[in-house]
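Take a look at the letters that make up each chain.
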Amino acid sequence: MTDLMGDPITGATGAESTGKKAHPKKVRVVPDTLKKFREIHAQAAAGGPPEKIAAQKAKGKLTAQERIAYLVDEGSFQEIGLLMESRCTDFGIKDKHIKGDGVITGFGRIGGRPAAIFSEDFTQLGGSLGRTHADKITRLMDMAIDARIPIIGILDSGGARIQEGVDSLDGYGEIFLRNTRASGVVPQISIILGPCAGGAVYSPALTDFVFMVKGISHMFVTGPEVVKAATGEEVDFETLGGSMTHASKSGVCHFVANSESDCFRQVKELMSFLPQNRSESAPVQETKDSPNRKIALLEKLCEIDARKPYRVHHIIWWLSDDHKFLEVHHAFAKNIVVGFIRMGGQVVGVIANNPSHMAGALDINASDKAARFIRFVNGFNIPILTLVDVPGYWPGVAQEHGGIIRHGAKLLYAYSEASVPKITLVLRKAYGGAYIAMSSKLMGGDINFSLPSAEIAVMGPRGAIEILYSRQIKEAKDEEKEALRAKLAKEYSDKFASPYQTASTGSIDEVIEPAESRTRLIEAFRMLAGKRRPGQQERTGNIPL
Ligand code: HXC
């Protein structure tokens, strides 16, 4: 009779396993198989040679394995493809074959939710991208797109593996293709933690958010030596492609961290605001912060001189749950502020003119920055709050020749295309085309509020009277000109420097009590939560703008 309590693998009887006395049976042990398996895995998982790991540490960098450990929930990472190796034999590379081929791929949980992660290992062939390395990344991306989970890439690489020739270039092509296919389907995040050079920079540029760390991350299409040879310019790595360059000048980088651990903390914070894919909503977070909290600061705003600059961040902090605001692109195009907040627990994307920088006027960079953010939040079902205090478009030859018409149109397109709930609050100035651009009612705003302090007009009073009364001003005696201008400007202001004329035409839905702004916005977002428009479910890719 078969002993049903016995161990089918070792052959131990049920009596043995329960500790009762029984006739001993021969136990089959397979130590060599397990030993070999564990040795291979331990060897492969160790990363590059010890001296390369020491060199990595000497630069203040973590290893590829440590980076994943920082990012994911403890013990949740499951690696796939650990044993894959390069098949290239040219240029003596065969002797350098390593398991994993210089990149770790797998999936883990971040804040309890699954994500696909790859982490390039600079200690193995400089993290360079060969055929197998690319295959591992593209397989992971395909799986993530199918499974509808975010893709996070940690990049630390010398770029295309020179020994593998066009195979490595093709590998990049395959990654770019997947970046584009995944765009607007699942969130994609790139964390640059080392060099990222040549055409390799275009994978991060195709993703939704790029993180860099001061002193560690460098991105450029051609390095300092090529720049010098081609143009004669002398420039160091940091100035050419360091984190602050890309955060403040080029706009390639969305978030800058002081250290790698700080960077991973920021990535996790960002992810807490994002849905897993375009079919889901962003996670709701309960709050004790009352929706009825009054905001005295907005009453004060109504009392101050309309030309006085202020940082719009203060208003965003007061409006949001628990005063929390995750700003995106903090150092780039500071005249417009974008980022994530929660209102009544629901994630909201904020776009706000910032009067403390260039008076909050719209320019080329501000248009690009806001348009891309709007396209991201719209693609991932995150409603939009627009805070308006804008004197117009930034004037100048550089702006016109640089294409403010073309770039400004991106903002109009992004707002008009967005089908998520859109609520606008006019805080103060809202002049001309910039008023229309900032999610105005007739360009598709669902609910457009205004504070009593709003000034909504075709242009500012001083500019308007110079056109309307140019003849009278010209004909007035010189000593009377200024008084005449002041009188005419006041007349114009009395008529237009308030929101009431605009509210009377329905271009503004409601002029609201400033202190009650948070309540009004939260109630409006709750009402609009189920908003659906035909075509809304169609994918809109987050094309780099
Ligand atoms: C093969 C590479 C490599 C590469 C680095 N290594 N880059 N191996 N292909 N692209 C190897 C080095 O030979 C070295 O191997 C190890 O990685 C570490 O590199 P070091 O130079 O010792 O490190 P460091 O001094 O820190 O300099 C890092 C570096 C430098 C700045 C990244 O290695 C470098 O300039 N590499 C070349 C960068 C580049 O031009 N890449 C091609 C970009 S064009 P050993 O055996 O000595 O440890 C590109 C096209 C993409 O990527 C196109 C997509 C469409």
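Chemist: Would you mind going over the packing of helix H4 (residues 64–71) against helix H11 (residues 260–272) with me for this structure?
Modeler: Angle between the axes and distance between the axes: these two values describe a pair of packed helices. Relative orientation of the contacting elements H4 and H11 amounts to 40°, with a least axis distance of 9 Å. Relative to H11, H4 is oriented oblique. In terms of crossing hand, the pair formed by H4 and H11 is right-handed. Mapping the contact onto sequence places Arg67, Tyr70 and Leu71 in H4 and Glu260, Ser261, Phe264, Val267 and Lys268 in H11. Tallied by class, residues from the contact of H4 with H11 come to 4 nonpolar, 1 polar and 3 charged.

Chemist: Even after reading the chapter, I still don't get the pattern of salt bridges, so can you show me in this structure?
Modeler: Enumeration according to the criterion identifies 32 salt bridges in this entry. The closest approach of N and O atoms between arginine 518 and aspartate 289, which form a salt bridge, is 3.8 Å. Here the residue arginine 518 occupies a position in helix H22 (residues 517–528), and aspartate 289 occupies one in the loop between H11 and helix H12 (296–303), the gap between them amounting to 229 residues. Since its relative accessible area comes to 0%, arginine 518 is described here as buried. The residue arginine 462 makes a salt bridge to glutamate 482 at a minimum N-O spacing of 3.0 Å.

Chemist: Hey, could you run me through the layout of surface pockets in this one?
Modeler: Empty space among the atoms can be located by rolling a probe the size of a water molecule over them. When its volume is computed, the largest pocket comes out at roughly 530 Å³. Together, 30 residues line the largest pocket, and Ala205, Ser250, Gly251, Val252 and Leu545 are the ones closest to its centre. Element by element, the count of residues in the lining of the largest pocket is highest for helix H14 (residues 364–379), at 6 residues. Partitioned by chemical class, the residues of the lining of the largest pocket number 18 nonpolar, 8 polar and 4 charged. For the second largest pocket, the calculated volume is near 430 Å³. At the level of elements, helix H10 (243–250), strand S9 (255–257), H11 and strand S10 (326–328) are the ones that each hand at least two residues to the lining of the second largest pocket. Broken down by element, the lining of the second largest pocket gets its largest block of residues, 4 residues, from H11.

How each quantity is defined
Residues numbered from 1 in each chain as written. Predicted model: local features only at pLDDT ≥ 70, side-chain atom pairs only at ≥ 80, totals over all residues. Heavy atoms only, no water. Axes fitted to C-alpha atoms, helices over the stretch in contact; angles between N-to-C directions. Helix = DSSP H or I, 4+ residues; strand = E, 2+ residues; numbered from the N terminus. Parallel < 35°, antiparallel > 145°, perpendicular 65-115°, else oblique. Left-handed = near helix turned anticlockwise from the far one by under 90°. Contact = heavy atoms within 4.5 Å. Nonpolar A, V, L, I, M, F, W, Y, C, P; charged D, E, K, R; others polar. Salt bridge = Lys/Arg side-chain N within 4 Å of Asp/Glu carboxyl O. Buried < 20%, exposed > 50% of the residue type's maximum accessible area, 1.4 Å probe, protein only. 1 Å grid on protein atoms, 1.4 Å probe; cavity = no way out; pocket = protein on both sides within 12 Å on 5 of 7 lines; lining within 4 Å. Points joined across faces, edges and corners; volume = space filled by probe spheres on them.

Note that all results are geometric; they support no functional claim without further evidence.
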